[in-house]
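Residue-level listing of the chains:
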Amino acid sequence: MASNKPAPEAPSPFSADTFGGAERSLEEWNPTEESIRPVRGRHRVAKQRGLARSSTVLGVGVIAAVGAGGMATAQDKAPVSISLPDSIADNLPDAKSLPGVGSLMSDEAESVPVAASAPLTTAGLTTAEAEQGTDAGEALRARILQQAEQQQAGADSEARAAAEKAAAEAAAAEAKKQQDEAEAEAAAKKKAAEEAERKKKEEERLAKLAASFSLPTFSYTITSTYGQSGALWSSGQHTGLDFAGSAGAPLKAVHSGTITSAGYSGSYGYRTVLQLEDGTEIWYAHQSSIEVSVGQKVTTGQTIGRMGDSGNVTGVHLHLEVHTAGGSAMDPMAWLNSKGLKV
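Residues numbered from 1 in each chain as written. Predicted model: local features only at pLDDT ≥ 70, side-chain atom pairs only at ≥ 80, totals over all residues. Heavy atoms only, no water.

Asker: What exactly am I supposed to notice about the side chain of Asp242 here?
Answerer: The topology assignment puts Asp242 in strand β2 (residues 241–244). Despite its burial, Asp242 pairs with no opposite charge, the nearest such side chain being Arg271 at 14 Å. For Asp242, the side chain forms a polar contact with the side chain of His319, separated by 3.0 Å. Among residues more than four places away in sequence, those in contact with Asp242 are Thr221, Ile222, Thr223, Ser224, His317, Leu318 and His319. (Helix = DSSP H or I, 4+ residues; strand = E, 2+ residues; numbered from the N terminus. Buried < 20%, exposed > 50% of the residue type's maximum accessible area, 1.4 Å probe, protein only. Lys, Arg positive; Asp, Glu negative; His and termini not counted. Salt bridge = Lys/Arg side-chain N within 4 Å of Asp/Glu carboxyl O. Polar contact = N/O pair within 3.5 Å; in protein donor to acceptor, adjacent residues only side chain to side chain. Contact = heavy atoms within 4.5 Å.)

Asker: I would appreciate a short explanation of the pairing of strand β8 (residues 303–307) in the present structure.
Answerer: Regular strands show a simple pattern: their side chains alternate between the two faces of the sheet. For β8, the tally of buried residues reaches four of five residues, placing the bulk of the element in the interior. Across three bridges, strand β3 (residues 250–252) lies against β8 in antiparallel orientation. Following the sheet pairing, Leu251 is matched in β8 by Gly305. Judged from the three bridges that link them, strand β6 (residues 281–290) and β8 form a sheet pairing that is antiparallel. Among the inter-strand pairings, Gln287 is bridged to a residue of β8, identified as Met307. (Pairing = 2+ DSSP bridges.)

Asker: In this structure, what is going on with the nonpolar core? I would like to understand it.
Answerer: General note: in soluble globular proteins, nonpolar side chains tend to be found buried as a group. If you look at the biggest cluster of nonpolar residues, it comprises 24 residues, and the most contacted ones within it are Leu274, Ile282, Tyr284, Val298, Trp335 and Leu336. The set of elements that each furnish at least two residues to this core consists of β2, β5 (270–276), β6, β8, β9 (317–323) and α6 (332–338). For this core, the leading source of residues is β9, giving three residues. If sequence neighbours within four positions are ignored, Val298 has contacts with Ala253, His255, Ser256, Gly257, Ile259, Leu274, Val292 and Ile304. (Core = buried A, V, L, I, M, F, W, Y, C linked by side-chain atoms within 4.5 Å.)

Asker: Explain the environment of Leu276 to me, please; I cannot follow it from the model alone.
Answerer: Note that Leu276 resides in strand β5. Considered as a pair, Leu276 and Ala325 are 49 residues apart in the sequence and their alpha carbons are 9.3 Å apart. Once you skip the residues sitting within four places of it in the chain, Leu276 turns out to touch Phe213, His255, Ser256, Gly257 and Trp335.

Asker: It is not clear to me how the packing of aromatic side chains should be interpreted in this structure. Could you clarify?
Answerer: Remark: the centre distance and the inter-plane angle together describe each pair of aromatic rings, the angle taken between the planes. Under the criterion given, the structure shown has four aromatic pairs. Taking the centre distance of 5.1 Å and the plane angle of 85° together, the rings of Tyr264 and Tyr270 count as edge-to-face. Taking the relative accessible area as the measure of exposure, Tyr264 reaches 51% and is therefore exposed. The partly exposed category is assigned to Tyr270, whose relative accessible area is 36%. On the numbers, 5.7 Å between centres and 90° between planes, the contact of Tyr268 with Trp283 is edge-to-face. (Phe/Tyr/Trp six-rings, centres within 6.5 Å; stacked < 30°, edge-to-face > 60°.)

Given below as structure tokens:
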């Protein structure tokens, strides 16, 4: 860019009259703080704010350059020169002679680099990047991309952590479900095993009882059951269990015990009463003959009489009754079954 044209000469503001008379030349002018009138109005010099104002301007410049797609450098522009008319330049005082200014323009101050004189391409660069000649716009772009990548990596990491946590919770829930199912299955198997063991023990108990108990006769047919109603019985109901068979068939002691009664007993015909150790009484009625006596001890399966048709009967059979120790009658079939005997 070309220099400005010289301005037309004008009366010098630093004439002899300005400083109190023609006898004092410009070279002799030596103002003091008292002799200098303060500048008023809009020409007042604002207080400098140091590098803060320069940094702000520089930052705005960087943002504008990045938004435009790149960063321009000061070196790309031709220098602009500014000239003053000789009449004004020759009359200007030496800046170092001004009060409070000379100290700012010492040799040490001149050696201090001015931030604004640095090329714009060094804005935001590290020392190593500046030494390598890295472009500031490219460096800023790379840093923005790096920050975006870091943020994306953080988001991906959080997503992975959430997915892993969800997977772990799902796996824990599935493991708990399988454990609960396994425990339920084990409990069911245990219960089934306990039930099987209980049944086995019950069968063993009944087998043991069956070994110590015996049916009163063999080769029989059940003709009447306990509690059956009919006109054949004086009470209107049958009080025992009838085993029909052949005359003279042996009658066995169902369990070991003592004979407490043996003889003829009205409608019962010939009857034998066997008392067990717990006080239970077994009545054998309608016998054709009795083969034991009162007070005699008998064992399981021992013959105590013969099947017949004595008393109030309609045919040859054994009328069997079971009474508790207190004298109450009970169902003979149920009692025999409780001893492991199948009727």
